[in-house]
Amino acid sequence: MTRILAVELRRFAWRRSFRYFGLIAIAGILFAATMVFFNSQRGAAASQQAVVTHQGYIDDCVRGFPRREQPPEGYSSVEEFCTEVGAPPLESLDPSFRITSLTDIFQGTSVPLIILGLAFGASFIGAEWHHGTITPQLTWDPRRVMVYVGKALAAMIAVILAALAIQAILGIALWVVAMTRGSTEGADLAWFRETLGSASRGALIAGLAAALGFAIASVARNTATALVIGFVYFGVAESLMRGLRPGWQPWLVGDNAAAFVTGDPGQVFMAGDIRTAATALAVVIAYAVVAVGLGAAWFRSRDVT
Amino acid sequence: MDVIEVEGLVKRYRPLRGKPTMAVAGLDLSVSAGGVFGFLGPNGAGKTTTIRCLLGLVRPSEGRCRLLGADSQGSLGGVIGRVGSIVEAPAFFPGMSGRKNLALLAGLDGIGRTAIDAALERVGLGDRGHHRVKTYSLGMKQRLGIAAALLKDPEVLILDEPANGLDPAGIKEVRELLRSLGSEGRTVFVSSHILSEVRQMCDRVAILARGRCVAAGPVDDVLNREAGRLLVGVADVEAARDVLSRKGFEATLVDGRLSIGPPVPDPASVTKALADEGHYVAELRREEADLETVFLELTADKDEV
């Protein structure tokens, strides 16, 4: 298994589409960091302006209450309500880039990474069927289940590592921007842990998406079919199920993935805190294991022609 | 010891629509160790399906195949390291170099760089190994396929149409290469429909038609048994033919001579039969059939084989 895994990881790294994607991703990160650099303003004047604007929002909110002595339920005063609810956070009004926003940025970048993970997983095996290279490989190692699982694991590991690498490059680029034109205030150990967790959760789900894409493409023996199936399922079928059968939501792959990536299942599930981030991850892992298991059984039983 | 044993092999492909296709219809074949064995048959005779069954890529509908004593459907893993093969057109990743493609296969068996270089040199691709496979001609891809098959330094080579796409010089090189491999004590099992090649390259041959073996044995024996003729010149050919007919020989008149066979009888028995009746043989020679004649006769679309 170690040899199969090593060979497959090497093949993944040697794929041109993977390399091109890496170059495009790095170029995109550098472009984004440059834009942030030029849009970020540092200094007391900029921060002071943010405080004034923030206070303006609060004042407008307070004026909207005809009877200030009757604050909304749960709040001791109208001012407290307006500070928490009626005005955007002060950080968001500050024109200087704050590195503490990286946690949310990582959640945002997880979405395209998950979609790309699905696509790379599908094309990893789809290309093998397209070029017919499964045949010679099986004449070198006829243990089909081992070969299949090795390939699936390689796709998963490669996507996880690539996603982590991209998040790391993005993080470093934005850290440099924050140090030069923004603020690193609040970037303590707790923040670092939270941010690392956010990046890791996105990368892990991208890896599991790769395993799902791999399994679908191995049955279809075609990348394009797998991508269509994947996007129709996640883009259409799950939306319909979510709308028509709300009771099924806790079992939808996409919702469990979102619950794990955000780390806040209560915001994702309509029924509230019905599961933890860990159980949401367990559901996604279970789907991936079942898909790869079925794919392996299918691969084992079918003729390779 | 037979390195290849095929017993009662039947393979039916069942398409989703339409009738099942009988690719192999009860094939029995055994190939002993050493030398070059030709596996001859027209397109669609079942050569590639037989090879796929031997290599465990396709599951037989009935019968069984054994390679180096191991059942192709169960225990091939123990012997596959001693078998090199090409099935149909060699399949490689076109975007990677020839060397990288070989490295991926070699990695599965822990084979090092030296063996890759040696294999590339042996097939004349030493200076093109670093070029992408998509820049290779069909003949170069075929050579790369042979290099891949040689990587394991195999005891048994199973090559499906290895001369496909090669120019005359390439065909000659491959023929010499395979002959030298056969003379080294390896068993080279070559499927082909290029009759002249088989004749020049192989020690033994099996001819396949409509999924069955219709002739097998040393090349010369097959030629003589199946299509050789004895040409006899006598003064009175009509009377001599009557004599031979009475004594159980089937003779026909061809260009003023008697043609006897196939199968070719013992020449001494023919001359004695004629001399006993007062017909003295003026000319007696064996007409060697060419493989093309044998092949066409044996593989002609008859109701019975």
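What counts, and at which threshold
- Residues numbered from 1 in each chain as written.
- Chains lettered and ligands numbered in written order.
- Predicted model: local features only at pLDDT ≥ 70, side-chain atom pairs only at ≥ 80, totals over all residues.
- Helix = DSSP H or I, 4+ residues; strand = E, 2+ residues; numbered from the N terminus.
- Buried ≥ 20, exposed ≤ 12 C-beta atoms within 10 Å, placed from the backbone.
- Pairing = 2+ DSSP bridges.
- Expected span 1.5 Å × (residues − 1).
- Arc of directions from axis to C-beta.
- Domains from an automatic or database assignment.
- Axes fitted to C-alpha atoms, helices over the stretch in contact; angles between N-to-C directions.
- Left-handed = near helix turned anticlockwise from the far one by under 90°.
- Contact = placed C-beta atoms within 7 Å.
- Nonpolar A, V, L, I, M, F, W, Y, C, P; charged D, E, K, R; others polar.

**Observations concerning the overall build of chain B**
Then, in step 1: When you go through chain B residue by residue, the secondary structure sums to 10 helices and 14 strands.
Then, in step 2: Along the first, second and third principal axes, the C-alpha atoms of chain B reach 75 × 45 × 35 Å.
Then, in step 3: Within chain B, the fraction of its 305 residues that count as buried is 48%.

**As for the sheet that holds strand β2 (residues 21–32) of chain B**
All names here are of chain B.
Then, in step 1: Ordered in space as β2-β1-β4-β5, the 4 strands form an open sheet in which the pairing is antiparallel. The open sheet terminates on both sides in strands that have one partner only, identified here as β2 and β5 (70–71).
Then, in step 2: Two strands pair when backbone bridges link them, and strand β4 (residues 62–67) and β5 are joined in this way by 2 bridges, in the antiparallel orientation. Bridge pairing in β5 places L67 opposite A70.

**Digging into helix α5 (residues 168–183) of chain B**
Residues and elements named next belong to chain B.
Then, in step 1: If you check α5, its first and last C-alpha atoms are 22 Å apart, about what 16 residues at 1.5 Å a residue would give, namely 22 Å.
Then, in step 2: Here α5 has its buried residues at I171, V174, R175, L178, L181 and G182. Buried positions in α5, seen along its axis, are confined to an arc of 130° and lie on one side of it. Turned more than 90 degrees away from the buried face of α5 sit A169 and E176, all of them exposed.
Then, in step 3: Backbone geometry just after α5 places G185 at a positive phi near 100°.

**Digging into the domain arrangement of chain A**
Then, in step 1: Domain annotation of chain A identifies domain 1 (2–40 + 98–301) and domain 2 (43–95).
Then, in step 2: Between the C-alpha centres of domain 1 of chain A and domain 2 of chain A there is a distance of 39 Å.

**Some words on the domain arrangement of chain B**
Interface size is often expressed as the accessible area that is lost when the parts come together.
Then, in step 1: Each domain of chain B was delimited in the assignment, giving domain 1 (2–223) and domain 2 (229–287).
Then, in step 2: Relative to domain 2 of chain B, the C-alpha centre of domain 1 of chain B lies at a distance of 44 Å.

**Considering the pairing of strand β12 (residues 251–254) of chain B**
Residue and element names in this part refer to chain B.
Then, in step 1: Relative to strand β13 (residues 257–260), β12 is paired through 4 bridges, and the arrangement is antiparallel. Paired with A251 across the strands is I260, a residue of β13.
Then, in step 2: Two successive antiparallel strands, β12 and β13, enclose a turn made up of 2 residues, where D255 displays a positive phi of approximately 50°.

**Quick word on the packing of helix α8 (residues 144–181) of chain A against helix α9 (residues 189–220) of chain A**
Residues and elements named next belong to chain A.
Then, in step 1: Between α8 and α9, whose axes approach to 8 Å, the crossing angle comes to 145°. As α8 runs across α9, the sense of the crossing is right-handed. Contacts between α8 and α9 pair Y148, A152, A155, M156, V159, I160, A163, L164 and Q167 from the former with A199, G202, A203, L204, A206, G207, A210, A211, F214 and S218 from the latter.
Then, in step 2: Of the residues assigned to the contact of α8 with α9, the class counts are 15 nonpolar, 4 polar and no charged.

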